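Observations on chain architecture
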Amino acid sequence: MLNIQVLGCSGGLSGNNNGGSTCIQLNHNILIDAGTGLNQLSLTQMHQIRHIFLTHSHMDHIAALPTFLSNQYGSEHLPVTVYAQPHTLEKLKDNIFNGDIWPELSSMTEGAEAILAFEEIQPGHSITLDGIEINAFAVDHSVPTVGYSVKSQARHFVFGADTIAGRQLTEQLNRLGHIDTLMLECAFPDELLHVAEKTKHMTPSLLQNTLQSLERQPSKLWVTHLKPNYEATLRETLAANPPHNNTVVL
Ligand SMILES: [Zn+2]
Ligand SMILES: [Zn+2]
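Below, the structure is looked at part by part. Here the residue index of a chain counts from 1 through its sequence in written order. As a convention, the first chain written is A and the first ligand written is 1, with the rest following in written order. Local features are withheld for residues below a pLDDT of 70 in this predicted model, meaning they are given only at 70 or higher, and side-chain atom pairs are given and counted only at 80 or more; totals for whole chains, interfaces and linings count all residues.

Structural notes on the overall build of the chain
- If you tally the helices and strands in the chain, you get eight helices and 15 strands.
- Against the compact-globule benchmark of 18 Å for 250 residues, the chain has a radius of gyration of 17 Å, which places it among compact chains.
- Along the first, second and third principal axes, the C-alpha set of the chain runs to 55 × 35 × 30 Å.
- Within the chain, buried positions represent 47% of all 250 residues.
- Residue pairs qualify as contacts under a 7 Å threshold applied to their C-beta atoms, which are placed from the backbone. Summarising the internal contacts of the chain: among those between residues at least 6 apart in sequence, 58% fall at separations of at least 24. Comment: elements are numbered from the N terminus, with helices defined as DSSP H or I runs of at least four residues and strands as E runs of at least two. C-alpha atoms define the radius of gyration in this analysis, and the globule rule sets the expected value at 2.2 Å times the number of residues to the power 0.38. Working definition of burial: number of other C-beta atoms within 10 Å of the residue's own, with buried at 20 or more, exposed at 12 or fewer, and partly exposed in between, all C-beta atoms being placed from the backbone.

See the structure below:
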C-alpha cells in the first residue's frame, strides 16, 4: 500500500525538510532516489528496502546509496534492486561502484544472495510492485532524467524530479491524466533564471507557467528541491504568489 514519506527534498545539504536531499519512500520497501534524506530511516527500516528507483545520476539523488547498500549485509531482504535509465546506471558503475570510491557491490554476495542488482528502465516503462504501479517519464534536465508517476488504489502521485519547465514537461504531465499530488521542484529564485536555464531547474515563475499550462489541475502541489541559499526568498515568493490553490512548500 502506498504510504508516501518525503524523507528528504532539499536542493542541497541543509534547509527544507530536515535538510536531507531527495529521497521519497513509497512504502516500507520502495524508495525513489537515495539522497541524504535516506538517513531518516532507522537501520531496521533500511533493511526492509528492496527497490530503489533513481531519477538521475546527480549526487544529491544518490549520495546515501553506497553507504546504505553496505548496511544491507546481513539483511534478509536481498538483493536491493536499483532501477534507472542506462545513463544513470553506467555513471554509477563507472564512477561510484568501481572498486575505488566504493566496492563493486553488484558482484558481491551475502550468503547466496547478491547484495545489489541493477535493472535498466526506459521512459514509458512501467513496473508494478506490491500493487503500486510505477511509470517512468522523461523530463528535461542537464543529464538524462526521469520523473515517476505512482498509482495505487486510485491514488495518483507524480514526482517531476529535477527539471526545467517547457513543452516536454507540460505534455508529459497532461498525458498522465488526473494527478492527486504533483511534486515539482523550484531550485532557484526568478533573479537567477539564467542559472536555472543553464542547469535546467525551475524558478517560481517557471513553476507558475507550468501549472497554468496544464489541461487539468492536480489536487495539490508539493514544491521541493529549494536550494538552501535561496530558501527564505523562495518561500516568500511562493507564499505571496502560490502556483496552485493548494500549494505546500516542503
Ligand atoms: Zn539534478
Ligand atoms: Zn537535484
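More follows now that the structure is in view.
Remarks on unusual backbone geometry
- Positive phi values are uncommon outside glycine, yet alanine 154 reaches one of about 65°.
- Its location among the elements puts alanine 154 in the loop between strand S11 (145-152) and strand S12 (155-159).
- For alanine 161, which is not glycine, the phi dihedral falls at a positive 60°.
- Its place among the elements puts alanine 161 in the loop between S12 and helix H5 (167-175).
- Among the residues examined, alanine 161 registers 26 C-beta atoms within 10 Å and is labelled buried.

Overview of the sheet that holds strand S10 (residues 132-139)
- Pairing within the open sheet is mixed, and its seven strands lie in the order S9-S10-S11-S12-S13-S14-S15. The sheet is open, and its two borders are formed by strand S9 (126-129) and strand S15 (247-249), each paired with just one other strand. Going across the sheet, the axis of each strand differs from the next one's by a mean of 20°, ignoring polarity.
- By the bridge criterion, three bridges tie strand S14 (residues 220-224) to S15 in an arrangement that is parallel. Note on S15: the bridge partner recorded for tryptophan 222 is valine 248. At least two DSSP bridges between two strands are required for those strands to pair. Here, axes are lines fitted to C-alpha atoms. For helices the fit covers the stretch in contact, and angles between N-to-C directions go from 0 to 180 degrees.

What about helix H4 (residues 86-95)?
- If you check which residues of H4 are buried, you get Thr88, Leu89 and Leu92. Buried residues along H4 cover an arc of 95° about the axis, so they all sit on one side. Residues of H4 that are exposed and angled more than 90 degrees away from the buried face: Pro86 and Asp94.
- Buried residues along H4 sit in contact with helix H2 (59-62), strand S5 (80-84) and strand S8 (116-120). Directions drawn from the helix axis to the C-beta atoms are what define this arc.

Some words on the sheet that holds strand S1 (residues 5-8)
- Read from one edge of the open sheet, six strands run S1-S2-S3-S4-S5-S8, paired in mixed fashion. Each having just a single partner strand, S1 and S8 make up the two edges of the open sheet. Here the strands of the sheet are splayed against their neighbours by 25° on average, with no regard to which way each runs.
- Here three bridges tie strand S3 (residues 30-32) to strand S4 (residues 51-53), and the two strands are oriented parallel to one another. For leucine 31, the partnering residue across the bridge sits in S4 and is isoleucine 52.

What about helix H8 (residues 231-240)?
- Of all the positions in H8, only Leu234, Thr237 and Leu238 are classed as buried. Seen from one end, H8 has its buried residues packed into an arc of 95°, which puts them on one side. In H8, the exposed residues that point more than 90 degrees away from the buried face are Ala232, Glu236, Ala239 and Ala240.
- Tucked inside the fold, the buried residues of H8 contact helix H7 (204-212), S14 and S15.

A few points about the pairing of strand S2 (residues 23-27)
- With four of its five residues buried, S2 lies for the most part within the structure.
- Bridging between S1 and S2 involves three bridges; their strand directions are antiparallel. What sits directly across from glutamine 5, in S2, is glutamine 25.
- In the sheet, S2 pairs with S3 via three bridges, with the strands oriented antiparallel.

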